[in-house]
Structures are given as structure tokens and as C-alpha cells.
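# An overview of the molecular structure
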Amino acid sequence: MTESSPTPAGTAGPTASTAPDEGQASRRRPVVLALMLAMGLAALDGTIVSTAVPQIVGDLGGLSVFSWLFSGYLLAVTVTLPVYGKLSDTFGRKPVLIAGTVLFLVGSLLCAAAWDMASLIAFRVVQGLGGGALQGTVQTLAADLYPLKERPRIQARLSSVWAASSVAGPAAGGLLAGYADWRWIFLINLPVGLLALWLIHRHLVEPARREPARREQAGAEQAGGAGARGEGARGEQARTRAGGPGSKRAEPRARVRIDWAGALAIFATGALLLTALVQGGVAWPWLSAPSLGLLGGAAALGALTVVIERRAAEPIIPGWVWRRRTIAAVNLSLGALGLLMVAPTVFLPTYAQSVLGLGPIAAGFVLSAWTLSWPITAALSNRVYTRIGFRLTAVLGISLALILLLAFPFLPFPGEPWQPALLMLLLGGALGLFQLPLLVGVQSTVPYEERGTTTASVLFCRQVGQSLGAALFGAVANGVLAARLGGTGDLDALARSLDDPGSLTAEATDHLRRAVDAAVDYVYLGAAAAAALALLALLTLAPRRFPVLEEGDRRGPE
């Protein structure tokens with residue numbers, strides 16, 4: 001079935017599968033609350049820690065390596081996403097989500113007990129190993145719980161969790177670090193996580209899963225038509241009659257095969273690649289031996305991973321993830337989204353403080369404008385894609401985002417705070433129309449037993465895009481500064497100089513601010529190029545109508 005059908009899955013009239021009764025809706029509420037709590041753990045983690053860094057460094061030391069508090073967590077989350085996606089398709093969402101939440105809480109407890117920066121970084125990696133399960137499995141369960149028509153409702157709630165975390169996280173981190181102790185930013189995860197665990201254990205009920213060995217047989221029976229099914233039934237009856245008492249015994253359960261070699265290869269490849277992207281140009285030059293060695297090692301391990309996955313019976317990243325046009329197009333498009341998101345999230349606060357002269361709190365409000373509009377347009381996107389389709393809705397959203405990103409360099413210097421805030425408000429609305437239809441659409445094209453892998457591949461590509469964007473746009477910004485000011489150029493060092501304008505003459509301050517303005521303008525042009533790549537992927541790879549499955553083919557928990 002495709003979107004062009006008059007009654008696509010999830011948009012039909014009140015039937016048993018598409019219009020759950022009030023009892024079913026009430027049973028879903030505690031599960032949805034658990035998903036929001038679990039997502040809140042992952043969403044708060046980055047923002048709440050960032051404001052406590054001065055207190056952490058003052059207590060534990062390790063100023064030269066503190067950036068690994070974030071890099072280590074990001075690495076662990078990213079490289080485990082595909083693994084958890086496959087495991088959730090194999091063993092079910094519930095055990096994977098419970099295991100990931102427990103691991104995240106253990107990591108939080110260990111972080112609170114850290115005795116130096118090295119131990120804290122190691123325990124942050126443990127947190128990230130659990131965080132990968134939280135991010136991927138929660139998004140998959142959101143698709144399992146709701147039919148297509150209602151899915152923007154749950155996605156909007158999850159988006160609102162991210163929006164609230166981006167605003168509340170820095171404030172909570174600052175309050176806990178300033179008035180209590182920085183260790184409480186990790187301990188506060190425990191009651192939230194334990195409540196989520198209890199709700200999941202008590203209320204989440206998953207359907208019986210088909211055996212992996214049976215999937216090909218089920219597909220063959222489906223393709224064979226009614227006559228073939230009738231023949232199979234008659235043959236089965238004959239075998240039962242001939243087999244006697246022994247024929248009543250249940251067939252042995254198919255052994256679950258886990259591609260541990262593939263999982264290890266993916267983990268190692270992702271770790272080397274992301275370490276090179278995160279640390280290149282920061283801890284060492286891009287053309288230095290560490291960068292070239294890490295990139296070369298990632299390429300070699302990547303080739304080995306392809307070989308392992310092709311030979312595996314149940315690969316972690318199956319080939320169909322890239323052979324199916326719909327999934328490949330969404331992977332590339334959301335990878336480009338991760339790339340372009342770096343421009344506002346990383347560079348806009350610097351622009352607001354160094355160019356507009358705002359304080360950290362006011363700069364945060366300029367950035368948070370897009371978190372207000374993103375969930376709203378995401379929640380309303382179903383009114384658009386049910387009329388014009390997933391692809392065209394996403395094309396509309398990314399086209400608007402492209403225009404808005406191109407408009408940023410035309411803002412006046414120094415300008416007023418409302419101008420970038422307005423652009424961010426509009427950009428969030430455009431990206432809400434872009435991301436959610438693609439995520440909902442691609443999840444609707446696969447059956448239940450492939451949805452975890454599909455969702456994880458999409459999130460993995462977005463995470464890699466963000467890591468690549470941070471490295472690429474950081475190099476662009478520093479290159480522009482070097483060309484404008486001479487020397488090597490360092491945006492962070494320049495921003496710190498502008499924090500104390502009394503040490504500079506008015507002419508020097510204006511010159512430095514113009515240099516920062518130019519650097520951020522070029523970063524936004526790079527983000528516009530990423531938006532253009534996403535648009536190109538949708539126009540050339542994505543089918544005009546996503547091949548949406550019937551609701552019964554992709555049903556999940558009731």
C-alpha cells in the first residue's frame with residue numbers, strides 16, 4: 001500500500017486497529033509517560049552537565065581533557081544505536097529499553113562517585129552505552145504504540161521533552177552545581193529512571209514475535225496467494241494424520257543468532273571515525289599523524305565491517321537499509337539535518353554573545369526560539385502529509401529551511417536580538433515539517449520486526465552528521481578568522497577575548513566582532529549547503545509516495 005491509497009494505514013475510519021477505544025488509550029498513558037521520562041534522561045544529559053563544567057574541573061582537575069565528558073558520551077551513544085536497533089527487533093523493545101535504562105542509571109551513579117576526570121570520562125562512556133538504547137528504542141516504541149494518524153501526537157510530546165530540556169537543563173545544572181554539589185546532576189537521574197523502569201515493567205506489553213527463521217517462510221506464503229495457502233493447509237493436515245502422536249509436539253524454537261562480530265566491528269569503526277571528527281582540529285591538527293591514522297583505521301575497519309555484515313546470517317546493519325530507496329533517502333536526508341543543526345546549536349550562542357553583546361542567558365533564549373516552533377509544526381504535520389504525502393511535506397520543510405539559512409548572512413551588523421531569534425523561530429517550524437514526516441514515513445514502510453533497525457539507522461546517520469558538522473564547521477569558522485585576522489584563528493579564544501571588552505580598544509573590538517560575524521555567516525552558508533543536499537536526496541532518491549504498509553502488518557504493543 002502507498003500513500004496514494006484513499007484510506008492509508010492510520011487514516012481510515014473507526015476500526016479496531018486504527019481507532020483504539022478509551023480503554024486502550026488509558027493503557028497507553030503510563031507507557032507514554034515512561035517513554036517521556038526515558039527520553040528526558042537522554043535529553044537533559046548534555047545540557048545539564050554543560051553548565052556545571054567549571055565546578056567539575058575545579059573539583060577534579062583535568063581542564064585539558066574535559067571536552068571528553070561530552071565527546072565520550074556522544075561516541076558511545078552513536079556507535080551503539082545500530083546494535084540496539086537490531087537487538088530490539090530480535091528480542092523485543094522492552095528488554096532492550098530496560099537494559100539500557102539500567103545501564104544509564106549505573107553510569108549516572110558511577111559518575112556521581114568519580115574521583116578524578118579520567119574516571120568521570122570513563123563513567124560517562126558507560127552512561128552513553130545506555131543512552132543509545134534510550135534514544136533508539138523510545139523512538140521505535142513511539143511508532144509501535146500509535147497508528148499513523150495519531151503518531152505526530154506522541155512525537156510532538158517527545159519533541160517537547162527535548163525543547164524543555166534545552167531550556168531547563170542549563171538552569172538546573174547551574175543551580176545544582178552552585179547551591180548543592182555537581183554530583184547531584186547525575187544523582188537526579190536515579191528517581192526519574194527508576195520511575196520509568198517501573199512503568200515500563202508494569203505496563204508495557206509486547207506482541208508475540210515471529211521467529212526470525214519463520215520470516216522468509218511467512219513472506220513466501222503471502223506471495224503464494226490463497227491457493228498456495230490452501231495447499232499448505234491440506235499438506236499440514238496430511239502430515240498431522242500421518243505423523244501420529246509425535247506430530248503434536250511443538251517444533252523446536254529457532255535459535256537466535258546475534259552478529260557479535262558485526263557489532264564489535266561497527267563499534268570500533270564508529271569509535272575511530274567519531275574520535276577523528278570530534279578531536280581533529282582541536283586536540284591535534286587535521287593533517288597530523290593522529291588524525292590521518294584514525295581516519296585510515298576507520299576506513300580499513302569500515303571495509304572489514306562490510307565484509308562481516310555481508311556474511312552474517314542476521315547482520316546488525318542489513319543491506320536492505322541502503323538498498324531500499326525510501327530508507328536510503330531518509331538516512332541521507334536526516335544525516336544532512338544533523339549536519340545543518342550544528343550551525344545554530346553550536347555557533348549561534350557565540351554569535352549572540354560576541355556580535356550582539358548579549359549575556360549567556362539572553363543568548364540561550366535566542367537559541368531556544370526554535371525549540372518552541374519545532375514541536376508545534378511537528379504535531380500539526382499530519383494535517384499536511386495526509387494530504388500531500390511524506391516526501392512533498394519534507395521537501396516543503398527543507399526548502400523553507402534552506403531559504404532561512406541563506407537569509408542569516410544578510411542580517412545587519414550588529415543587528416538586534418529579535419532578528420536571529422525570529423529566524424530561529426521560523427527555522428524550527430520548517431524543520432518540524434521536515435524531520436517528523438520522514439521519521440513517521442520511514443517507520444510506516446517496514447513491519448514490526450524491522451522497525452528497530454530502521455529507526456536506529458536513521459538516528460545513527462543524524463548523529464554522524466552532527467559529529468561531521470561540528471568538525472567541518474569548526475574548521476570553516478577558524479579558517480575565516482585566520483583569513484580575517486591573520487594567524488591560525490580560534491573562535492573560542494576570540495569569544496573569550498570579547499567577553500572582556502575593557503581590555504580592547506573600541507576599534508579592535510569592532511574588528512573582532514566583524515570577524516566573528518563573518519565566520520558565523522560562512523557557517524550558516526555551509527548549513528544551507530547541507531539543506532540543499534537533503535533536498536537533493538529527497539528529490540532524486542525518495543519515491544513520490546512512500547510504500548506504507550497496512551496497519552496490521554506493522555502492529556506493535558497494544
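Residues numbered from 1 in each chain as written. Predicted model: local features only at pLDDT ≥ 70, side-chain atom pairs only at ≥ 80, totals over all residues. Heavy atoms only, no water.

## Remarks on the overall build of the protein
Scanning the protein for helices and strands turns up 20 helices and zero strands. Relative to its full complement of 558 residues, the protein shows a buried share of 51%. (Helix = DSSP H or I, 4+ residues; strand = E, 2+ residues; numbered from the N terminus. Buried < 20%, exposed > 50% of the residue type's maximum accessible area, 1.4 Å probe, protein only.)

## Here's the deal with a nonpolar patch on the surface
Together, Leu-372, Trp-418, Leu-422, Leu-425 and Leu-426 line one region of the surface with nonpolar side chains, adding up to about 510 Å² of accessible area. A total of four residues in the nonpolar patch trace back to one element, the largest contributor, which is helix α17 (residues 418-443). Mapping Leu-422 onto the fold places it in helix α17. (Patch = residues over 30% accessible without salt bridge, like charges linked within 9 Å, V, L, I, M, F, W, Y side chains within 5 Å. Areas by Shrake-Rupley, 256 points an atom, 1.4 Å probe, with all protein chains shown as cover. Salt bridge = Lys/Arg side-chain N within 4 Å of Asp/Glu carboxyl O.)

## Examining the pattern of salt bridges
Scanning the model with the defined rule gives seven salt bridges in all. As a salt-bridge pair, Arg-93 and Asp-144 come within 2.7 Å of each other at their nearest N and O atoms. In this pair, Arg-93 is assigned in helix α4 (residues 93-112) and Asp-144 in helix α5 (residues 117-145), connecting sequence segments 51 residues apart. The pair formed by Arg-93 and Asp-144 is uniform in burial state, with each residue classed as buried. Put simply, Asp-144 and Arg-451 hold a salt bridge, and the shortest N to O gap is 2.1 Å. Remark: Arg-451 occurs in helix α18 (residues 448-485) and Asp-144 occurs in helix α5; sequence separation between them is 307 residues. Here Asp-144 matches Arg-451 in class, with each residue buried. Sharing partners across several salt bridges, the network here consists of Asp-89, Arg-93, Asp-144 and Arg-451.

## Digging into the packing of aromatic side chains
Scanning the entire structure with this criterion turns up seven aromatic pairs. Centroid distance Trp-182 to Phe-186: 6.3 Å. Interplanar angle 90°. Geometry classified as edge-to-face. Just as Trp-182 is buried, Phe-186 falls in that class too. The interplanar angle of 10° and the centroid separation of 3.8 Å between the aromatic rings of Phe-408 and Tyr-524 together place this pair among those described as stacked. Of the two residues, Phe-408 is situated in the loop between α16 (390-407) and α17 and Tyr-524 in helix α20 (residues 506-540); the sequence distance between them amounts to 116 residues. (Phe/Tyr/Trp six-rings, centres within 6.5 Å; stacked < 30°, edge-to-face > 60°.)

## With respect to the confidence of the model for the protein
Within the protein, residue pLDDT values average 78, and 79% of them lie at 70 or more. Here residues 4-21 scores under 50 on pLDDT; set against residues more than four positions off or in separate chains, the count is 27 contacts. Low confidence marks residues 211-253, where pLDDT is under 50. Its contacts with residues over four positions away, or in another chain, come to 16 contacts. (pLDDT = per-residue confidence, 0-100. Contact = heavy atoms within 4.5 Å.)

## Topic: α17
Helix length check: α17 (26 residues) gives 37 Å between terminal C-alpha atoms against 38 Å at 1.5 Å per residue, within 8%. Counting buried positions along α17 yields 21 of 26 residues, so the element is predominantly enclosed. (Expected span 1.5 Å × (residues − 1).)

## Quick look at helix α13 (residues 325-354)
The α-helix winds at 3.6 residues per turn, so residues separated by three or four positions along the chain end up facing the same way. If you check α13, its first and last C-alpha atoms are 44 Å apart, about what 30 residues at 1.5 Å a residue would give, namely 44 Å. The sharpest bend along α13 measures roughly 45° and falls at Phe-347, with the proline Pro-349 sitting one to four residues further on. Among the 30 residues of α13, 25 are classified as buried, and the element is accordingly described as predominantly covered. (Bend = angle between axes of the 7 residues up to and from the residue.)

## Considering the packing of α4 against helix α8 (residues 189-203)
Axis separation between α4 and α8 bottoms out at 10 Å; the angle between their running directions is 165°. Judged on the interaxial angle alone, α8 and α4 are roughly antiparallel. Crossing angle aside, the handedness with which α4 passes α8 is left-handed. Counted together, Lys-94, Leu-97, Ile-98, Thr-101, Val-102, Phe-104, Leu-105, Ser-108 and Leu-109 of α4 and Asn-189, Leu-190, Gly-193, Leu-194, Leu-197, Ile-200 and His-201 of α8 form the full contact between these two elements. Residues belonging to the contact of α4 with α8 are distributed by class as follows: 10 nonpolar, five polar and one charged. (Axes fitted to C-alpha atoms, helices over the stretch in contact; angles between N-to-C directions. Parallel < 35°, antiparallel > 145°, perpendicular 65-115°, else oblique. Left-handed = near helix turned anticlockwise from the far one by under 90°. Nonpolar A, V, L, I, M, F, W, Y, C, P; charged D, E, K, R; others polar.)

## What about the packing of helix α3 (residues 68-91) against α4?
Contact geometry for α3 and α4: axes closest at 8 Å, N-to-C directions at 155°. Between α3 and α4, the crossing angle belongs to the class labelled roughly antiparallel. Judged by the twist between their axes, the crossing of α3 over α4 is right-handed. Of α4, the residues touching α3 (which contributes Tyr-73, Tyr-84, Leu-87, Ser-88, Asp-89 and Phe-91) are Arg-93, Pro-95, Val-96, Leu-103 and Phe-104. Across the contact of α3 with α4, the residue classes break down as eight nonpolar, one polar and two charged.

## Section: the environment of Leu-426
Mapped onto the elements of the fold, Leu-426 is located in helix α17. According to the relative accessible area criterion, Leu-426 is partly exposed, its value standing at 45%. Residues Leu-426 and Leu-404 lie 22 residues apart in sequence; the distance between their C-alpha atoms is 7.6 Å.

## Looking at the side chain of Ser-444
As for its position among the elements, Ser-444 is in the loop between α17 and α18. Classification of Ser-444 by relative accessible area gives buried; the value is 0%. A distance of 3.0 Å separates polar atoms of two side chains, one belonging to Ser-444 and the other to Arg-151. (Polar contact = N/O pair within 3.5 Å; in protein donor to acceptor, adjacent residues only side chain to side chain.)

## As for the nonpolar core
Membership of the largest hydrophobic core comes to 73 residues, with the highest contact counts inside it found for Leu-340, Ile-398, Leu-431 and Phe-434. Those elements that place two or more of their residues in this core are α12 (320-323), α13, α14 (360-380), α16, α17, α18 and α20. By residue number, the principal contributor to this core is α13, which donates 15 residues. Residues in contact with Ile-398, not counting those within four places in the same chain, are Leu-340, Leu-431, Phe-434, Ala-531, Ala-534, Leu-535 and Leu-538. Leu-134, Leu-145, Ile-154 and Leu-204 belong to the second-largest nonpolar core, a separate cluster that totals 29 residues. (Core = buried A, V, L, I, M, F, W, Y, C linked by side-chain atoms within 4.5 Å.)

## Some remarks on the environment of Leu-274
Within the secondary structure layout, Leu-274 lies in helix α10 (residues 260-279). A relative accessible area of 2% places Leu-274 in the buried class. Residues contacting Leu-274, with those up to four places away along its chain left out, are Leu-75, Thr-78, Val-79 and Ser-467.

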